[in-house]
Amino acid sequence: RERAGVLKNPDARMAEARAAVDNIRVVGSLQLDAISNRAKLRGVQMHGVDGGVVIVIPSPKALNRILARNVVGLYNHFVTACWPAPVWLIMASITALIGVVVNDDGGSWLRSGPVASYLWDLDERFVGLMGLSSLLPIYFRIAYLAAWCSLALMLVVALLQRLFMRTLLNYRGWMYEKKVSTTTMIWGALLKGFFFGQRSPLTYSFQSALPRLPVPTLKDTITGYLRTVKPLLSASEYAKTEDDAAVFLASGGARKCQAILVLKSWLTGNYVSDWWEKYVYLRSRSSILIGSNYYGLGYAYHIPSSNQTARAAVLLHYYSHFKDMLDSERLTPTTMRGAVPICMRQYERLFCLTREPGRDTDILRHHDSVHVAVQYKGTWWRVDCFTLYKKPLAVAHFKRQLDFIVSAVGSSVAAPSPTSPEANLPALTALNRTRWAEIREDMFLRDGVNRLSLEELETAMFVLHLDERSTGTLGNPDDWSTAGRLSLHGEGNTRWCDKSFNICVYSNGDAAVHAEHSWADAPVIAHAWEWVLCKEVLDEPYTADGKLKEDCTGEMFDKPVRLEWRLGGELGEAVLDAAKFAKEMCDDLDLRVDVHDSNLGGYGKGFCKKQRCGPDAWIQLALQIAYTRDMGELALTYESAAVRIFNEGRTETIRSVSIESKALVDMFDDPKVANEDKIKALRIACDKHQSTSRDASCGRGVDRHLFGLYVAGQAISADVKFIKDALSIPFKLSTSQIPQRQTNLRGEDPKLLSPSGGFGPVSDLGYGVSYMMADDARTFFHVSSKRTCGKTDSKRFMTAIKKALEDIKALFPTEEAKHEAKKP
């Protein structure tokens, strides 16, 4: 019967035979090249490939470089362990103690006391086990025992210093003071003079000295929660919520949940950050393209080079330098006000990270690689970024590699059709996470070619997209909005959402960053992005016509390697279905970017400060006024606050709506209320917002504690319905502020101004608003919403925000009016 089937349908049997031959692959050039590159980086490699096993042994030079890197890594760990004592002091102390002990006459406690006897006994137990004690000279044994003792003593001293520093860092009174107190001045002098007098601390030197995130008391959190919802609930709703809160506080389950959090805070680095990452991000099954990921734009008013590959080469070069600084821990730790260090742990996963989809939960995979994945016109390439000595390639070398890709696609390499699966491959990462995991496991990983190409993409430092689209000339809201939309979603089929970040370089030379959110928060991405942009302006790598000043001669270091895909049949259909799904999401997004500029009748943070109001509080109150005018009601409002002054700290929620802010909103459009009364209410509301913001940054917020209690309650099956209800109220207005200066490189050069970035709406029924007070003259806003909501409109809300800002300013008399009032 089988032979008859073959004879009746020989084409089918030949197709099966060809498929079988394709699956029994010899080690291809891409496969062998990828394994060889890993061997150069990590040492001997043994990989199972289609048809056998490949063992790759690096050259002696490569092995020496690997050994040198490992030695440097061990040295950095030693420096971090010794901090704040410098290494030279440690070595000098060890040498001095060895000299004292060796030259001792043998009668003092150094050579014959209880401590010395214990050390001799320890030496006999361990070194004597190998029978070496009797073979070693007595003075040699004295010297190495003295060395170990002095090293241990210095490490103990370093530990005590860190404990003292942690005690100092637990003081947070300075955050609440309008005028610096004597206590704060003494505290700052101790912190700066004693601990920051050390030379060049490494990136992670302060980590073990950072205090733990404190667990607030149950009463404080519940009281704070009730105060934030009171302005949003009717009298009967609030009375019920208050009764439910009292019942929860009196329950044994609440006390057990609190005890679990307190215990966890002592046993782990942070009582909530790991749960936040796992349950809020990695367990979420929704698409992350617009619902989780975010973007950052480049310069606001200029494009340094219109040559796409030149611009991309410069960005690749500086990002490689930034990675090199992180790997060698030479990136200066970030501090607040030059005295208070903040957690740098998130930087460990900036490069070479991918969010691997799972059927139930995603996994963050961190790799060690020195290449980027480049996307151009639907094709994918691997481009190496470092020399054999792990030094970043020169800009011109990057340019040659990118030019090679651009010239190859369409000539020697056929460009995929825009409607083909290969051109739409990134759309898979925009799917529901479970569906993407099923496709990845059932279709990708079972094919040797796809598996290897996907591995090259997922292990890359990051993704670079040479986008053939343009963002215009910039400097105006329409072009900024176009740049924002393309950078956030790229029409759904060009952003590899799973990578830690994508760099997008458009055909006009404009550039932006697209980032995944689970592994870190926006300030980390903003820091690296700002550093790269500032270095680009300060180093001036371009000629007047946008070409590179640096020229490249000689052979190309390594030619880019194209990643191959087999996307036929069911897999190809799945890719095209994903592209259709992603396009529908993108079409639903309504995104608007604009600026409130003093040159256009607006103003920046300078005016707010003149009125003795915090600029961030001022913006938040304007948003509440605008939202009330736009939607006819106040909404629960989210603003993110950084809690990175604590070990492994991420963010806390600032619940911006307060009793004081509601009082201002209610009277603001009432013509019967005098301006003086409105100004008074404005300042009271601003003070309250600033106090709430400081509480959140100091670990005294509401939401993370409630979230931790809910997770603990689920683990022990406690009744946490009250908390579930509290966390289920949607934030219809989700806001975030990114500071303009993340590095000390940014000066007052207007070329360095950036509109910052934005994100999609957290609630389908509300708005997402990102803003940045760039300077005293302008504030940038990014407003997003869903078109299918029917009630929201981003352009309309942007207009409402500007109008609210203008109306708040109008409360205050002008300089001319003040001058007239002073006249007799």
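Here, residues in each chain are numbered from 1, in the same order as that chain's written sequence. Since the coordinates come from a predicted model, pLDDT governs what is reported: local features require at least 70, and pairs of side-chain atoms require 80 or more to be given and counted, while whole-chain, interface and lining totals use all residues. Side-chain measures were taken over the full set of non-hydrogen atoms in the model, leaving aside hydrogen atoms and water.

J.: What is the right way to read a nonpolar patch on the surface from this model?
T.: A surface patch of nonpolar side chains, about 370 Å² in accessible area, is lined by Val156, Leu159, Leu160 and Leu163. As for its position among the elements, leucine 160 is in helix 8 (residues 138–169). Within this analysis, patches are made of residues with over 30% relative accessible area and no salt bridge. Like charges are joined at 9 Å or less; nonpolar side chains (Val, Leu, Ile, Met, Phe, Trp, Tyr) at 5 Å or less. Each accessible area is a Shrake-Rupley estimate made with a 1.4 Å probe; only the visible protein chains count as cover when residues are assessed. The term salt bridge refers to a side-chain nitrogen of Lys or Arg lying within 4 Å of a carboxyl oxygen of Asp or Glu. Strands are runs of DSSP state E lasting at least two residues, helices are runs of H or I lasting at least four, and both sets are numbered from the N terminus onward.

J.: So what exactly am I meant to see when it comes to the packing of helix 14 (residues 308–327) against helix 19 (residues 522–539) here?
T.: A packed helix pair is summarised by two numbers, namely the angle formed by the two axes and the spacing between the axes. Axis geometry follows a simple rule: fit a line to the C-alpha atoms, using only the stretch in contact for helices, then measure angles between N-to-C directions, giving values from 0 to 180 degrees. Where helix 14 contacts helix 19, the two axes come as close as 9 Å, and the packing angle between them is 120°. Of the possible angle classes, the one that applies to helix 14 and helix 19 is oblique. Relative to helix 19, the crossing made by helix 14 is right-handed. Between helix 14, through Arg311, Val314, Leu315, Tyr318, Tyr319, His321, Phe322 and Met325, and helix 19, the contact on the second element is made entirely by Ala528, Trp529, Trp531, Val532, Leu533, Lys535, Glu536 and Asp539. Each residue gets one of three labels, nonpolar for Ala, Val, Leu, Ile, Met, Phe, Trp, Tyr, Cys and Pro, charged for Asp, Glu, Lys and Arg, and polar for the others, Gly among them. Of the residues assigned to the contact of helix 14 with helix 19, the class counts are eleven nonpolar, one polar and four charged. Here roughly perpendicular refers to angles of 65 to 115 degrees, roughly parallel to angles under 35, roughly antiparallel to angles over 145, and oblique to all remaining angles. Here a crossing is called left-handed whenever its near helix is offset anticlockwise from the far helix by less than a right angle, and right-handed whenever the offset is clockwise. Residues are treated as being in contact if the distance between any of their heavy atoms lies within 4.5 Å.

J.: Explanation requested: the side chain of threonine 354 in the structure shown.
T.: Considering the arrangement of structural elements, one finds threonine 354 in strand 6 (residues 353–356). Type-normalised accessible area, obtained with a 1.4 Å probe on protein chains alone, sets the label of each residue: buried when under 20%, exposed when over 50%, and partly exposed for intermediate values. Relative accessible area serves as the criterion here: at 1%, threonine 354 is assigned to the buried category. The contact partners of threonine 354, leaving out residues within four places of it in the chain, are Ile363, Leu364, Arg365, His367, Glu458, Asp498 and Lys499.

J.: Looking at this structure, how should I read the pairing of strand 16 (residues 651–655)?
T.: On any regular strand, side chains alternate: one points to one face of the sheet, the next to the other face. For strand 16, the tally of buried residues reaches five of five residues, placing the bulk of the element in the interior. In strand 16, alternate side chains face the same way, and those of Thr651, Thr653 and Arg655 on one face and Glu652 and Ile654 on the other are all buried. Here strand 15 (residues 637–642) pairs with strand 16 via five bridges, running antiparallel. The partner of serine 640 across the bridge, within strand 16, is threonine 653. Any two strands with at least two DSSP bridges between them are considered paired.

J.: Would you take a moment to explain the side chain of lysine 499 for this structure?
T.: Within the secondary structure layout, lysine 499 lies in the loop between helix 18 (477–489) and strand 11 (501–505). None of His or the chain ends enter the tally, which takes Lys and Arg as positive and Asp and Glu as negative. Salt bridges are absent for the buried lysine 499, whose nearest opposite-charge side chain, glutamate 458, sits at 8.2 Å. Any pair of nitrogen or oxygen atoms within 3.5 Å is treated as a polar contact; in protein, a donor-acceptor pairing is required on top of that, and neighbouring residues in sequence qualify only through side-chain atoms on both sides. A distance of 3.0 Å separates the side chain of lysine 499 from the backbone oxygen of glutamate 458, its partner in a polar contact. Residue contacts for lysine 499: discarding those within four places in its chain leaves Cys352, Leu353, Thr354, Leu457, Glu458, Thr459, Ala460, Met461, Phe462, Val463 and Glu516.

J.: Even after reading the chapter, I still don't get the pattern of salt bridges, so can you show me in this structure?
T.: Once their charged atoms are close, side chains differing in charge can pair, the charge on each being opposite to the other. Taken as a whole and judged by the stated rule, the model has 48 salt bridges. The shortest N-O distance in the salt bridge between arginine 359 and aspartate 442 comes to 3.0 Å. Linking arginine 359 in the loop between strand 6 and strand 7 (363–366) with aspartate 442 in helix 16 (residues 433–444), this pair joins segments that are 83 residues apart in sequence. Judged by its relative accessible area of 34%, arginine 359 is partly exposed. On the basis of relative accessibility, which here comes to 34%, the residue aspartate 442 falls in the partly exposed class. Among the salt bridges present, the one from lysine 803 reaches aspartate 807, with a minimum N-O distance of 2.9 Å.

J.: It is not clear to me how the packing of aromatic side chains should be interpreted in this structure. Could you clarify?
T.: Each aromatic ring pair is specified by the distance between its two centres and by the angle formed by the two planes. When two rings of Phe, Tyr or Trp (its six-membered ring) have centres within 6.5 Å they constitute a pair, described as stacked for plane angles under 30 degrees, edge-to-face for angles over 60, and tilted for the intermediate range. Evaluated as defined, the whole model comprises 32 aromatic pairs. Plain terms: the ring middles of tyrosine 225 and phenylalanine 722 are 5.8 Å apart, the flat faces sit at 90° to each other, and that makes the pair edge-to-face. Of this pair, tyrosine 225 sits in helix 10 (residues 218–229) while phenylalanine 722 is found in helix 26 (residues 721–728), placing the two residues 497 residues apart along the sequence. Judged by centre distance (5.3 Å) and plane angle (35°), the ring pair of tyrosine 319 and phenylalanine 501 falls under tilted. Highlighted residues: tyrosine 319 in helix 14 and phenylalanine 501 in strand 11, separated in sequence by 182 residues. A relative accessible area of 1% places tyrosine 319 in the buried class. Through a chain of ring-to-ring contacts, the aromatic side chains of Tyr319, Phe351, Phe462, Phe501 and Trp529 assemble into a single cluster. Think of it as a cone above the ring: NZ of Lys or CZ of Arg counts as a charge over the ring if it is within 6 Å of the ring centre and within 35 degrees of the ring normal. The ring of phenylalanine 668 has lysine 678 lying over it, and the distance from NZ or CZ to the ring centre is 5.8 Å. For lysine 809, the ring lying beneath its charged end belongs to phenylalanine 607, and the centroid distance is 5.3 Å.

J.: Sorry if this is basic, but what is going on with the sheet that holds strand 9 (residues 379–384) here?
T.: Sheet strands pair by backbone hydrogen bonding; their relative direction is either parallel or antiparallel. Strands sit in the order 13-9-8-10-11-12-3-18 across an open sheet of eight strands; the sheet is mixed. This sheet does not close on itself; its edge strands, each paired only once, are strand 13 (561–563) and strand 18 (757–759). The mean inter-strand angle of the sheet, taken between neighbouring strand axes irrespective of direction, is 25°. The sheet contacts of helix 18 involve strand 3 (294–297), strand 12 (511–515) and strand 18, and relative to strand 3 the element is tilted by about 140°. Running at roughly 155° to strand 12, helix 19 makes contact with strand 3, strand 11 and strand 12 of the sheet.

J.: What is the right way to look at helix 16 in this model?
T.: Since the α-helix packs 3.6 residues into each turn, any two residues three or four apart lie on the same face. When helix 16 is considered as a whole, its buried residues turn out to be Arg433, Thr434, Trp436, Ala437, Ile439, Arg440, Met443 and Phe444. For helix 16, the capping residue at the N-terminal end is asparagine 432, with a side-chain oxygen 2.9 Å from the backbone nitrogen of threonine 434.

J.: How should I be thinking about the pairing of strand 12 in this particular structure?
T.: The element strand 12 is extensively covered by neighbouring structure, given that five of its five residues are classed as buried. With burial as the criterion, each face of strand 12 is covered, one bearing Ala511, Val513 and Ala515 and the other bearing Ala512 and His514. Pairing of strand 3 with strand 12, which is carried by four bridges, proceeds in the antiparallel orientation. Within strand 12, the residue paired with tyrosine 294 across the bridge is alanine 515. Alignment of strand 11 against strand 12, held across five bridges, turns out to be antiparallel. Following the sheet pairing, phenylalanine 501 is matched in strand 12 by alanine 515. Hairpin connection from strand 11 to strand 12: five residues lie between these consecutive antiparallel strands, with glycine 509 at a positive phi of about 95°.

J.: Looking at this structure, how should I read the packing of helix 14 against helix 15 (residues 395–408)?
T.: Running from amino to carboxyl end, helix 14 crosses helix 15 at an angle of 130°, the nearest separation of the two axes being 8 Å. Judged by the angle between their axes, helix 14 and helix 15 are oblique. For the crossing formed where helix 14 meets helix 15, the hand is right-handed. Contacts between helix 14 and helix 15 involve Thr309, Ala310, Ala312, Ala313, Val314, Leu316, His317 and Ser320 on the former and, on the latter, Val395, Phe398, Lys399, Leu402, Asp403 and Val406. Looking at the contact of helix 14 with helix 15, its residues break down into nine nonpolar, three polar and two charged.

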